Amino acid sequence: MRHPIKNVVFIILDTLQFNYLGCYGNTVVKTPNFDKFAAEGLLFENAYSEGLPTIPVRRAVMTGRFTLPFGGWQPLSAEDTTIADMLWGRNIETALIYDTAPMRLPKYAYARGFDYVKFCPGHEMDHITWKDTPKDPALKPEDFTAPVKVNILLMEVWDKDGNLIDDASTALLEEIDCYLRFRQGWKSDADSYVGVVAREAREWLVNRRDKKRPFLLWLDSFDPHEPWDPASIWEKKPCPYDPEWDGNPLLLAPWTKVEGRISERECEHIRALYAEKVTQCDAWIGRVVDTLKQEGLWDETLVVIMSDHGQPMGNGKHGHGIMRKCRPWPYEELVHVPLLMHVPGTEGGRRISTFVQNVDVGATIMDAFGLLAPEAHLGTVLGIDAPRLDDVQGISLLPLARGETDHVRDYVITGYCGMSWSIVDHDYSYIHWLNRDPSNAEFDELLENPYGDDGPSETIWTCTTGATQEVPSEDELYDRRTDPFQLHNIAAEQPEKARELLKKLKASIGEIRIS
């Protein structure tokens with residue numbers, strides 16, 4: 001007999017790299033709450049987001065449909081049917097509590113259909129709201145970047161004569177300035193971005209929801225996304241993961257290639273600040289989970305914790321030579337995401353190796369509410385044709401969680417729409433760069449670039465200011481068994497395998513486009 005699921009709590013964190021969690025093998029970064037959650041629930045070892053970054057991931061989860069072959073950073077359209085749309089007219093309360101500012105760009109409408117919406121301000125892409133707020137003169141942007149110390153560090157922003165390096169340096173200081181104007185009222189860790197979102201979620205669970213009704217709570221925290229401003233920054237204490245650092249706190253770094261711009265020591269410190277933010281997220285999300293248990297909701301609530309993507313943060317396996325999401329490069333550190341689930345009535349402590357995608361999470365939430373059943377359609381209500389989900393492409397993970405199957409996908413696809421496609425299976429990963437070269441006649445024009453020769457139609461493709469659509473000129477093949485972080489391209493050594501995976505990748509994109 002299946003254990004009934006009454007409620008769903010979906011928790012998505014932004015830019016949380018899977019291998020910074022203890023339950024995914026990290027032995028340095030402290031994540032006791034995530035680790036306990038995994039020990040009591042399900043951990044997916046091979047979860048990948050398909051279309052990247054922030055906005056496409058959320059669109060895919062909300063609709064249960066792939067975005068990579070169709071469009072990237074775009075508003076919800078009238079043709080999109082979301083989970084919140086499907087819950088219209090049903091006795092299920094819905095709440096969106098978030099600080100992910102890209103979701104509320106003008107006319108983007110990602111809060112559409114939710115009964116209760118609470119936006120918590122100040123994070124990236126909302127930081128400009130505070131640009132005219134009076135600022136404490138003691139807070140100077142230049143004190144949160146690398147100083148001019150030619151013999152010790154590279155200069156993130158300044159040249160050896162103390163001049164700004166380029167326009168990106170000016171933009172970086174302006175970005176930091178906005179954050180300082182918002183952050184100058186910081187009093188405690190409860191004022192952290194994730195702390196505020198978690199507090200609002202707990203308040204809704206305890207005091208605001210209708211306790212007689214089932215519910216969907218979508219908690220969307222933009223942490224541990226930059227700025228890298230954990231508590232140690234504002235308390236003026238050493239970072240616990242880099243106590244020897246004696247330079248300025250590096251609140252942000254340029255959205256550039258690392259070489260010649262950011263030293264390895266600076267990259268190490270940035271990763272340490274990021275690790276501290278991960279630990280901070282762990283603590284606050286742990287409080288939300290505790291609240292679910294205290295409210296007696298645990299045994300009747302599906303709880304999902306995941307990230308939209310990871311983060312490039314330096315050389316080699318840390319970021320393939322870039323800092324922040326400034327290139328459309330779908331390497332492992334970006335596309336492989338943590339995914340943890342608590343499914344009432346299922347055995348905990350299981351690690352699941354089959355491949356899954358973020359669209360499957362959307363389908364799982366729909367399945368938990370019975371929305372995938374043919375009889376779920378409400379028909380016409382008040383003269384309005386209720387939304388239907390006839391075209392969901394995701395696969396519900398509930399049968400997997402309940403032991404009814406042990407397999408979902410043999411491989412996954414991922415990438416940036418119109419810029420890069422990738423396919424990942426247990427043995428290999430292959431990246432195909434869409435360089436929009438019209439002389440490359442071997443590829444079908446429609447599948448090669450759905451936008452045509454002019455490239456992507458979106459004016460935005462990432463939230464990282466100053467990012468460029470630069471991609472390598474040659475496709476790449478990697479052996480995941482010996483090179484999981486894709487450091488040694490073997491495409492030239494194994495051309496037949498490269499052709500095989502490219503053919504499979506293009507066929508998958510084509511199948512999704514016509515499904």
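Placed above this text is the structure.
Residues numbered from 1 in each chain as written. Predicted model: local features only at pLDDT ≥ 70, side-chain atom pairs only at ≥ 80, totals over all residues. Heavy atoms only, no water.

### Thoughts on the packing of aromatic side chains
At step 1: Per the counting criterion, the structure on display carries 15 aromatic pairs.
At step 2: Here the aromatic rings of Phe18 and Phe485 are separated by 6.3 Å at their centres, their planes lie at 10°, and the arrangement is stacked. You can see Phe18 sitting in the loop between strand 1 (7–14) and helix 1 (32–40) and its partner Phe485 sitting in the loop between strand 17 (476–479) and helix 12 (495–514), a full 467 residues away along the chain.
At step 3: With centroids separated by 6.2 Å and ring planes inclined at 85°, the aromatic side chains of Trp329 and Tyr331 adopt a geometry described as edge-to-face.
At step 4: Residue classification places Trp329 among the buried residues on the basis of a relative accessible area of 10%.
At step 5: On the basis of relative accessible area, Tyr331 is assigned to the buried category, the value being 6%. (Phe/Tyr/Trp six-rings, centres within 6.5 Å; stacked < 30°, edge-to-face > 60°. Helix = DSSP H or I, 4+ residues; strand = E, 2+ residues; numbered from the N terminus. Buried < 20%, exposed > 50% of the residue type's maximum accessible area, 1.4 Å probe, protein only.)

### Focus on the sheet that holds strand 17
At step 1: With antiparallel pairing, four strands are arranged side by side in an open sheet as 14-15-16-17. Unpaired on one side and paired on the other, strand 14 (411–416) and strand 17 mark the two borders of the sheet. On average, each strand axis in the sheet is tilted by 15° relative to the strand beside it, whichever way the strands run.
At step 2: Relative to strand 15 (residues 420–425), strand 14 runs antiparallel, the two being bridged by six bridges. Among the inter-strand pairings, Gly415 is bridged to a residue of strand 15, identified as Trp421. (Pairing = 2+ DSSP bridges. Axes fitted to C-alpha atoms, helices over the stretch in contact; angles between N-to-C directions.)

### Points about the pairing of strand 14
At step 1: Of all six residues that make up strand 14, five are buried, and the element is covered over most of its length.
At step 2: Joining the antiparallel neighbours strand 14 and strand 15 is a turn of three residues, in which Gly418 adopts a positive phi near 80°.

### Some thoughts on the packing of helix 2 (residues 54–63) against helix 9 (residues 358–368)
At step 1: Where helix 2 contacts helix 9, the two axes come as close as 6 Å, and the packing angle between them is 35°. Once helix 2 is placed against helix 9, the crossing between them reads as right-handed. Touching Val57, Ala60, Val61, Met62 and Thr63 of helix 2 are Asn358, Val359, Val361, Gly362 and Met366, all from helix 9.
At step 2: Grouping the constituent residues of the contact of helix 2 with helix 9 by class yields seven nonpolar, three polar and no charged. (Left-handed = near helix turned anticlockwise from the far one by under 90°. Contact = heavy atoms within 4.5 Å. Nonpolar A, V, L, I, M, F, W, Y, C, P; charged D, E, K, R; others polar.)

### Some remarks on helix 12
At step 1: The end-to-end C-alpha distance of helix 12, which contains 20 residues, comes to 29 Å, matching closely the 28 Å that a straight helix rising 1.5 Å per residue would cover.
At step 2: The set of residues buried in helix 12 consists of Ala498, Leu501, Leu502, Leu505, Lys506, Ser508, Ile509, Gly510 and Ile512. (Expected span 1.5 Å × (residues − 1).)

### What about the nonpolar core?
At step 1: By size, the foremost hydrophobic cluster in this structure holds 141 residues, and its most contacted members are Phe10, Phe44, Leu217, Met323, Leu339 and Leu340.
At step 2: The dominant element in this core, judged by the number of residues it contributes, is helix 7 (residues 264–294), at 13 residues.
At step 3: Ignoring sequence-local partners within four residues, the contact set of Leu339 consists of Tyr24, Leu42, Leu43, Phe44, Ala47, Val304, Ile305, Met306, Val356, Val361 and Leu397.
At step 4: If you look at the next biggest cluster of nonpolar residues, it comprises 19 residues, including Tyr430, Leu434, Ile490 and Leu505. (Core = buried A, V, L, I, M, F, W, Y, C linked by side-chain atoms within 4.5 Å.)

### A short note on unusual backbone geometry
At step 1: Across the junction of Leu52 and Pro53, the peptide omega takes the value -5°, indicating a cis bond.
At step 2: With respect to the element layout, Pro53 can be found in the loop between strand 2 (42–48) and helix 2.
At step 3: For Thr15, which is not glycine, the phi dihedral falls at a positive 70°.
At step 4: Within the fold, Thr15 resides in the loop between strand 1 and helix 1.

Everything listed here is a matter of coordinates, which is why it stays silent on function.
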